[in-house]
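# A closer look at the structure
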Amino acid sequence: MIPSLDPKESQPSLTQVSLPLRGWVQGLRGNNHVQFLQLRTNGEIYQVVCEKEKLGEDLFKQIKSLPQETSLVVTGNWQENPKAPGGEELLLSSFEIVGTSADYPITPKEHGPDFLHNHRHLWLRSKRQLAIQRVRSELSFAIREFFRNDGYTLIDTPILTGSIGESAGTLFSTEYFDLGQAYLAQTGQLYLETAAFAHSKVYCFGPTFRAEKSKTKRHLTEFWMLEAETAFLGQEGNLDLQERFVKSVLKTTVERTKEDLKTLDRDPSPLLQYLEKPFPRVDYGEAIRILKEVGEVIEWGEDINAEREQILTTHFGGAIFIQNFPRAIKAFYMKQNPNDPKTVLSADLIAPDGIGEIIGGSEREESYDKIVERLQEEGLPPEDYSWYLDLRKYGSVPHAGFGMGLERVIAWVCGLPHIRECIPFPRMIYRLAP
Ligand code: 4AD
Ligand code: MG
C-alpha cells in the first residue's frame, strides 16, 4: 500500500509511526510457529507478527501466553501485508512487558449491555468504542471549525447558574453558600444571548444537565450541546444557518471517519443522501394535519413525541424542520409569531431513522413586556432575570439561535440505536458510575 500523507486519514501511514510501539494487547491468535498480536496504540490497532523461528522458543512461549490488555513496548520491522489492518504489519524483533494483566473481564465473547456499561472504563478500549469516540472527537472539531470559519466567537458559559434556562421540571440543584439554590445549566443560551449583544455572532459548546426522568434511547442527564446565537438574525436566517451547519459538519465528519464507520458496519451513503436534499420547513399546524390524516389521535396544542416525529420524517423522506410551535408548550424566551400570536417563531430539526429532534431553536422575544409576561406565566421570578432583561432595555435587536445535542448527532452518524454509547461516561437516571 502506498502510505498516504493525508492528515485526515484516520490511521497514519506506517512510515509516520515511530518505533518502538507502546501499547496494549488487544488480542492474540495463531499457531505454534507464528502468533499475530493485535497491539493497540494511540487508539489504533496494529498487527505484530511474532515468529518462533526469529524469537526463539522461550520468547515465543512468553508471547503466546500474554494475557489480554498486558501493556508492552515492541519493536521490529514494518512489512507489507494486504490482510493486516492498514495493509502493513510489524515483524517483531524484541519486546518488553510494562504492566501485567490477568482475567480481563471483557473477552471476545458476547456481553450484555449492562455488563459492558458497568465496565465502561475498560469497554472504551474495545474496537467499536474506539471508533465511536473518534467520530465524537472529529465531529466536535468540525463544529468548532465551522463556527470559527464563519466568524463566530466562542463564549464559555457557566455551568453553575442562579436562574432557570429552560424549564423548572428538569433541574439539578445544589446549595450555594449563603446565596440559596444554584442550578446546573440546562442551556448556555441566556448567557450566550448577552454575549451576542457584545460580539454579534457567538457560540458555546459544553456539557448541559437535565434531570430527565425518562428512560428513553435519546435522553441523558448530562449531554453536550452546541449553541449558537446571532444578533440581527430572524427565523428564516436561523434555519438557513442550521441547515448549512448540519450539512457541513456531518459531511466533514463522515469524510474524516470512513474507517471508523466501516468498523461500525455503518454505510454512510443513506446519511449523505439525506444531506443532499433541502430540509423541508413544515409548519407545526401542517404537521398535526398530516399526523391526523394517517390516523394519529392528536390535537393542535400537543407536543409531537418521538414516534410521531418518525412518522413525519418518513412522510417527507428525510430530515425536516417543524416550525412555529404553540406558544404554550415552548420556552419563555421564544418570539411570539406576529402572524399567528398563538405560536412562536421556533423550529426543531428532526432527523430521520428514529433519531428525532437534534436541534431546538428560535427567534428570541425582543419585547421586555412580553418576556416578563411569559416568565410570570411559567412561575419564574422576573427579578432573577434582571440581567437577561437588560438586553431588552439597552439596544434590543432581533436575534436568534439554536442548540444541537451532540450525542444524538453522533448516534445518527454512527447508526447507533441508543445515545448512551455516544458519550464516554453516560449519565442517566439509573447510572452514575463508572
Ligand atoms: O430543545 P432544547 O431543550 O433547546 C435548548 O436548550 C435551547 N436553549 C437551545 C438554544 O436555542 N440555544 O435542547 C436542544 C437540543 C435538543 O434538540 C436535543 O438534541 C438535545 O439538545 N437534548 C438532549 N440530548 C440528550 N439528552 C437530553 N436529555 C436532551 N435534551 C435535549
Ligand atoms: Mg427541544
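Residues numbered from 1 in each chain as written. Chains lettered and ligands numbered in written order. Predicted model: local features only at pLDDT ≥ 70, side-chain atom pairs only at ≥ 80, totals over all residues. Heavy atoms only, no water.

Attention now moves to the environment of Ser-214. Along the chain, Ser-214 falls in the loop between β10 (201–209) and β11 (222–231). For Ser-214 and Gly-379, which are 165 residues apart along the polypeptide, the C-alpha to C-alpha distance reads 23 Å. (Helix = DSSP H or I, 4+ residues; strand = E, 2+ residues; numbered from the N terminus.)

Attention now goes to the nonpolar core. Of all hydrophobic cores here, the largest spans 51 residues; its most connected members are Ile-143, Phe-147, Leu-226, Phe-245, Val-246, Leu-250 and Trp-412. Ranked by the residues each element gives to this core, the list is headed by helix α5 (residues 127–149), at 8 residues. Discounting chain neighbours no more than four positions away, the residues touching Trp-412 are Val-246, Leu-250, Arg-266, Leu-271, Tyr-274, Leu-275, Ala-319, Ala-351, Pro-352, Asp-353, Ile-355 and Ile-358. Grouped together as the second largest cluster of nonpolar side chains are 17 residues, Ile-164, Tyr-183, Phe-332 and Tyr-388 included. (Core = buried A, V, L, I, M, F, W, Y, C linked by side-chain atoms within 4.5 Å. Buried < 20%, exposed > 50% of the residue type's maximum accessible area, 1.4 Å probe, protein only. Contact = heavy atoms within 4.5 Å.)

Attention now moves to the UniProt feature "domain: Aminoacyl-transfer RNA synthetases class-II family profile" (unreviewed entry) in the protein chain. Per the UniProt annotation, the sites labelled "domain: Aminoacyl-transfer RNA synthetases class-II family profile" (unreviewed entry) are residues 134–434. Secondary structure across residues 134–434 divides into 36% helix and 19% strand, with the first and last C-alpha atoms of the span separated by 20 Å. (UniProt positions renumbered as here; feature names shortened; annotations may be inferred.)

Across the junction of Leu-19 and Pro-20, the peptide omega takes the value 0°, indicating a cis bond. Its place among the elements puts Pro-20 in the segment before β1 (21–30). Residue Pro-434 is bonded to the preceding Ala-433 through a cis peptide linkage, with omega at -5°. Structurally, the position occupied by Pro-434 is in the segment after α14 (406–414). One non-glycine residue with positive phi stands out, namely Ser-200, at about 70°. Looking at the element boundaries, Ser-200 is found in the loop between α6 (189–199) and β10.

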